[in-house]
Amino acid sequence: KLSWNEPLDNGGSPITGYVVYMFPAAAPNSIQDPDPVKEEIQTIVTSASAPVDEVQEITTENTSGGRFRLQFMGDVTGSIEWNAADSVVQNELNNLNPLIDAGASVVVTRGGFTNNGYTWTATFQNWYGDAPMITADGAELADAGSAASATVTETFKGAEAIHGDFTVSFRG
């Protein structure tokens, strides 16, 4: 008689059937072909960390005004004021075609005023894996005593969740 329990989690897909394989069981110290066959149940448990969101920081420094632009995968935002609210930077980035085409978006928060500029933190949502870098063009920023700049740094490299299939074999 053969029986089994339905899986606790089907991953959200309907179960349309089962494939059953029969093989002789063995333990680590078993002889090559035991008689009678020893009954053994083995369980394989897999786990993976949750995906990691890509986070990049856009920073302006030494500026007293002006505008900057951002570029992502060849698509360029409109001009952004040097002290723009986080919602403005977020809307500009989310209107870029590479993000729209990927079904992704960014959530942007702006930090406080330091070094005569601001830092906006852009967290990628629904972008699977390491995102390409945003680049900044600060040519239209006004200097505040020393050269104004707009830069982007990667704070957290995005990582995709582990997925796929695997096969376990015994004796070949």
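Provided above is the structure to which this section pertains.
In short, a report on the structure. (Residues numbered from 1 in each chain as written. Predicted model: local features only at pLDDT ≥ 70, side-chain atom pairs only at ≥ 80, totals over all residues. Heavy atoms only, no water.)

As for the overall build of the chain
Argument step 1. Counting secondary structure elements, the chain contains 2 helices and 9 strands.
Argument step 2. Counting from the amino terminus, the chain carries its helices and strands in the arrangement β-β-β-β-α-α-β-β-β-β-β.
Argument step 3. Counting every position in the chain, which comprises 172 residues, the buried fraction comes to 25%.
Argument step 4. For the chain, contacts bridging at least 24 residues in sequence account for 59% of all contacts bridging at least 6. (Helix = DSSP H or I, 4+ residues; strand = E, 2+ residues; numbered from the N terminus. Buried < 20%, exposed > 50% of the residue type's maximum accessible area, 1.4 Å probe, protein only. Contact = heavy atoms within 4.5 Å.)

Here we look at the packing of aromatic side chains
Argument step 1. For the coordinates displayed, the defined rule picks out 8 aromatic pairs.
Argument step 2. Seen from their ring centres, Phe68 and Trp120 are 5.3 Å apart, and the 45° between their planes marks the pair as tilted. Here Trp120 lies in strand E6 (residues 119-125) and Phe68 lies in strand E2 (residues 63-72), a separation of 52 residues in the sequence. Each member of the pair, Phe68 as well as Trp120, is classed as buried. (Phe/Tyr/Trp six-rings, centres within 6.5 Å; stacked < 30°, edge-to-face > 60°.)

Quick word on a nonpolar patch on the surface
Argument step 1. On the surface, a nonpolar cluster with roughly 300 Å² of combined accessible area is contributed by Trp4, Ile15 and Tyr18.
Argument step 2. Note on placement: Ile15 falls in the segment before strand E1 (55-61).
Argument step 3. Judged by its relative accessible area of 35%, Ile15 falls in the partly exposed class. (Patch = residues over 30% accessible without salt bridge, like charges linked within 9 Å, V, L, I, M, F, W, Y side chains within 5 Å. Areas by Shrake-Rupley, 256 points an atom, 1.4 Å probe, with all protein chains shown as cover. Salt bridge = Lys/Arg side-chain N within 4 Å of Asp/Glu carboxyl O.)

Describing the nonpolar core
Argument step 1. Counting 25 residues, the largest nonpolar core has Ile58, Phe68, Leu70, Val89, Leu93, Phe124 and Ile134 as its most contacted members.
Argument step 2. Beyond its immediate stretch of four places on either side in the chain, Val89 contacts Ile58, Leu70, Ile80, Ala84, Val108 and Trp120. (Core = buried A, V, L, I, M, F, W, Y, C linked by side-chain atoms within 4.5 Å.)

Topic: the sheet that holds E1
Argument step 1. Reading across the sheet, the 4 strands line up as E5-E6-E1-E9 and stay open at both edges, with antiparallel pairing between neighbours. Of all the strands in the sheet, just strand E5 (105-110) and strand E9 (149-156) have a single pairing partner and so form its edges. On average, each strand axis in the sheet is inclined to that of its neighbour by 25°, with strand direction left out of account.
Argument step 2. Bridge count between E5 and E6: 6 bridges; the pairing is antiparallel. Considered in E6, the bridge of Arg110 is made with Trp120.
Argument step 3. Sheet strands in contact with helix H1 (residues 86-94) are E1, E5 and E6, and its direction is about 160° off that of E5. (Pairing = 2+ DSSP bridges. Axes fitted to C-alpha atoms, helices over the stretch in contact; angles between N-to-C directions.)

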